[in-house]
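If you want the building blocks of each chain, they are given just below.
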Amino acid sequence: QVQLVESGGGLVQPGGSLRLSCAVSGTIFAIWNMGWYRQAPGSQRELVATIATNGSTNYADSVKDRFTISRDNAKNTVHLQMNSLKPEDTAVYYCNAHFTITNKDYWGQGTQVTVSS
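Engineer: When you look at the overall build of the chain in this model, what are you seeing that I'm missing?
Structural biologist: Helix and strand content of the chain: zero helices and 11 strands. Tracing the chain from N to C terminus, the helices and strands come up as β-β-β-β-β-β-β-β-β-β-β. Since a compact globule built from 117 residues should have a radius of gyration of about 13 Å, the 14 Å found for the chain is in line with a globular shape. Taken over the C-alpha atoms alone, the chain extends approximately 40 × 25 × 25 Å along its principal axes. Carbon together with sulfur atoms contributes 47% to the accessible area of the chain, which is approximately 6100 Å² in total. Side-chain charges of the chain comprise 9 positive and 8 negative groups, with the mean position of each set lying 4 Å from the other.

In structure tokens:
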């Protein structure tokens, strides 16, 4: 079975940094486009960043120049380096795997990121 497990969330002060990780198991990691999404209380889930199988990346305007998504195909992991964190970055962050041929999606359980002084 395919599983995505996020880690690395926590409480950080404004201006600080966190590095989220997502471990993928049960499938051939290299064929999946990967992404990070987030959902704040009372809000819809929104895209944060994506990284395709060829390494191409996309970012939400709100996180450009602050966040970096990367993948390590040898370790079946995707990461989100978050710098210069703001209170509005507070949300549950979810890892996503998407297979374009069949439009299949898998989701992790989420990890809480709280940015507060």
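Engineer: Can you walk me through the nonpolar core in this structure?
Structural biologist: Note on soluble globular proteins: their nonpolar side chains tend to be buried together. By size, the foremost hydrophobic cluster in this structure holds 28 residues, and its most contacted members are Met34, Trp36, Val78, Leu80, Met82 and Tyr93. Elements with a contribution of two residues or more to this core: strand S3 (18-25), strand S4 (33-39), strand S5 (46-51), strand S7 (67-72), strand S8 (77-82), strand S9 (91-99) and strand S11 (111-115). If we ignore the near neighbours within four places in the chain, the residues touching tyrosine 93 are Glu6, Leu20, Trp36, Tyr37, Arg38, Val48, Phe67, Leu80, Met82, Gly110, Thr111 and Val113.

Engineer: I would appreciate a short explanation of the side chain of arginine 71 in the present structure.
Structural biologist: Positionally, arginine 71 belongs in strand S7. For the buried arginine 71, which has no salt bridge, the nearest side chain bearing the opposite charge is aspartate 72, at an N-O separation of 8.5 Å. A distance of 2.9 Å separates the side chain of arginine 71 from the backbone oxygen of tryptophan 32, its partner in a polar contact. The contact partners of arginine 71, leaving out residues within four places of it in the chain, are Phe29, Ala30, Trp32, Asn33, Met34, Ile51, Ala52, Thr53, Thr77 and Val78.

Engineer: What exactly am I supposed to notice about the environment of aspartate 105 here?
Structural biologist: Turning to its location among the elements, aspartate 105 is positioned in strand S10 (residues 104-107). On the basis of relative accessibility, which here comes to 33%, the residue aspartate 105 falls in the partly exposed class. Residue contacts for aspartate 105: discarding those within four places in its chain leaves Asn96, Ala97 and His98. In this structure the side chain of aspartate 105 is engaged in a polar contact, spanning 3.0 Å, whose partner is the side chain of asparagine 96. At 3.1 Å, the side chain of aspartate 105 and the side chain of histidine 98 are in polar contact.

Engineer: Explain unusual backbone geometry here, please?
Structural biologist: Trans peptide bonds make up the majority, and among non-glycine residues the majority have a negative phi. If you check the backbone angles, aspartate 65 has positive phi at about 75 degrees while not being a glycine. Structurally, aspartate 65 is set in the loop between strand S6 (57-59) and S7. Take aspartate 65: its relative accessible area is 84%, and that puts it in the exposed class. Although it is not a glycine, asparagine 76 adopts a positive phi angle of roughly 55 degrees. Asparagine 76 gets classed as partly exposed once you look at its relative accessible area, which sits at 23%.

Engineer: Looking at this model, I keep getting lost on the sheet that holds S8. Mind explaining?
Structural biologist: Consider a sheet: its strands pair through backbone hydrogen bonds, and that pairing is either parallel or antiparallel. The strand order across the open sheet built from four strands is S1-S3-S8-S7, with neighbouring strands paired in antiparallel fashion. Two strands lie at the open edges of the sheet, namely strand S1 (3-7) and S7, each paired on one side alone. Mean inter-strand twist for the sheet, computed between neighbouring axes without regard to direction, equals 15 degrees. For S7 and S8, the ladder comprises six bridges, and the chain directions are antiparallel. For arginine 71, the partnering residue across the bridge sits in S8 and is valine 78.

Engineer: Mind showing me how you'd approach the environment of alanine 52 here?
Structural biologist: Inspection of the secondary structure puts alanine 52 in the loop between S5 and S6. Separated by 19 residues in the primary sequence, alanine 52 and arginine 71 place their C-alpha atoms 9.2 Å from one another.

Calculation rules
- Residues numbered from 1 in each chain as written.
- Predicted model: local features only at pLDDT ≥ 70, side-chain atom pairs only at ≥ 80, totals over all residues.
- Heavy atoms only, no water.
- Helix = DSSP H or I, 4+ residues; strand = E, 2+ residues; numbered from the N terminus.
- Rg over C-alpha atoms; globule rule 2.2 N^0.38 Å.
- Areas by Shrake-Rupley, 256 points an atom, 1.4 Å probe, with all protein chains shown as cover.
- Lys, Arg positive; Asp, Glu negative; His and termini not counted.
- Charge placed at Lys NZ, Arg CZ, Asp CG, Glu CD.
- Core = buried A, V, L, I, M, F, W, Y, C linked by side-chain atoms within 4.5 Å.
- Buried < 20%, exposed > 50% of the residue type's maximum accessible area, 1.4 Å probe, protein only.
- Contact = heavy atoms within 4.5 Å.
- Salt bridge = Lys/Arg side-chain N within 4 Å of Asp/Glu carboxyl O.
- Polar contact = N/O pair within 3.5 Å; in protein donor to acceptor, adjacent residues only side chain to side chain.
- Pairing = 2+ DSSP bridges.
- Axes fitted to C-alpha atoms, helices over the stretch in contact; angles between N-to-C directions.

Just geometry here; none of it tells us what the structure is for.
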